[in-house]
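Structural description and commentary
Listed below, chain by chain, are the residues.
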Amino acid sequence: MVDVSQHNLVPEHTVLDHETVEDVLAEYDVRRTDLPKIQRRDAALPEDAEVGDVVKIVRDSRTTDEAVVYRLVVE
């Protein structure tokens, strides 16, 4: 079976630790539940991602070198 998360077109997905999540939420003045969602079964997620985790996704961007987005893992 192919590991989709390792494909070169899939952006980097990183599960954030609790302290980093709190910093991100404070920086953007949002609650965890205000973040866009990503389903746990998404093939691009790291294997250690669990429901309730926040994932940092770093994508290539035409206007900047990279675009960073955050997603809340849901069932």
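Residues numbered from 1 in each chain as written. Predicted model: local features only at pLDDT ≥ 70, side-chain atom pairs only at ≥ 80, totals over all residues. Heavy atoms only, no water.

By the naming in an unreviewed UniProt entry, the chain is DNA-directed RNA polymerase subunit Rpo5, taken from Natronomonas salsuginis. Of the chain, the UniProt comment under Subunit (unreviewed entry) reads exactly: "Part of the RNA polymerase complex." Per UniProt, the chain has the following entry under Function (unreviewed entry): "DNA-dependent RNA polymerase (RNAP) catalyzes the transcription of DNA into RNA using the four ribonucleoside triphosphates as substrates." (UniProt positions renumbered as here; feature names shortened; annotations may be inferred.)

Digging into the overall build of the chain
In terms of helices and strands, the chain carries one helix and four strands. Tracing the chain from N to C terminus, the helices and strands come up as β-α-β-β-β. Expressed as a percentage of the 75 residues in the chain, the buried residues total 27%. Put simply, of all contacts in the chain between residues at least 6 apart along the chain, 52% involve residues at least 24 apart. Working note: accessible area of the chain is about 5,700 Å², and carbon and sulfur atoms make up 47% of it. (Helix = DSSP H or I, 4+ residues; strand = E, 2+ residues; numbered from the N terminus. Buried < 20%, exposed > 50% of the residue type's maximum accessible area, 1.4 Å probe, protein only. Contact = heavy atoms within 4.5 Å. Areas by Shrake-Rupley, 256 points an atom, 1.4 Å probe, with all protein chains shown as cover.)

With respect to the nonpolar core
Of all hydrophobic cores here, the largest spans eight residues; its members are Leu 16, Val 21, Val 24, Leu 25, Leu 35, Val 54, Tyr 70 and Leu 72. Of all the secondary-structure elements, those providing two or more residues to this core are α1 (18-28) and β4 (66-74). Of all the elements, α1 adds the most residues to this core, at three residues. Ile 38, Ile 57, Val 69 and Val 73 belong to the second largest nonpolar core, which has seven residues in total. (Core = buried A, V, L, I, M, F, W, Y, C linked by side-chain atoms within 4.5 Å.)

Describing the side chain of Arg 71
Within the secondary structure, Arg 71 sits in strand β4. Buried charged residue Arg 71 carries no salt bridge. Nearest counter-charge: Asp 42, at 8.3 Å. Apart from the residues lying within four places of it in its own chain, the contact partners of Arg 71 are Pro 36, Lys 37, Ile 38, Asp 53, Val 54, Val 55, Ile 57 and Arg 59. (Lys, Arg positive; Asp, Glu negative; His and termini not counted. Salt bridge = Lys/Arg side-chain N within 4 Å of Asp/Glu carboxyl O.)

Considering the side chain of His 13
Relative to the helices and strands, His 13 is located in strand β1 (residues 12-15). Within the structure, the side chain of His 13 is placed 2.7 Å from the backbone oxygen of Pro 11, a separation counted as a polar contact. (Polar contact = N/O pair within 3.5 Å; in protein donor to acceptor, adjacent residues only side chain to side chain.)

Let's talk about the sheet that holds strand β3 (residues 54-60)
Strand order across the open sheet formed by four strands is β1-β3-β4-β2, with mixed pairing between neighbours. Both outer strands of the open sheet, β1 and β2 (37-39), are each paired with one neighbouring strand and no more. When the angles between neighbouring strand axes are averaged without regard to direction, this sheet yields 40°. Examined bridge by bridge, β1 and β3 share four bridges and lie antiparallel to one another. (Pairing = 2+ DSSP bridges. Axes fitted to C-alpha atoms, helices over the stretch in contact; angles between N-to-C directions.)

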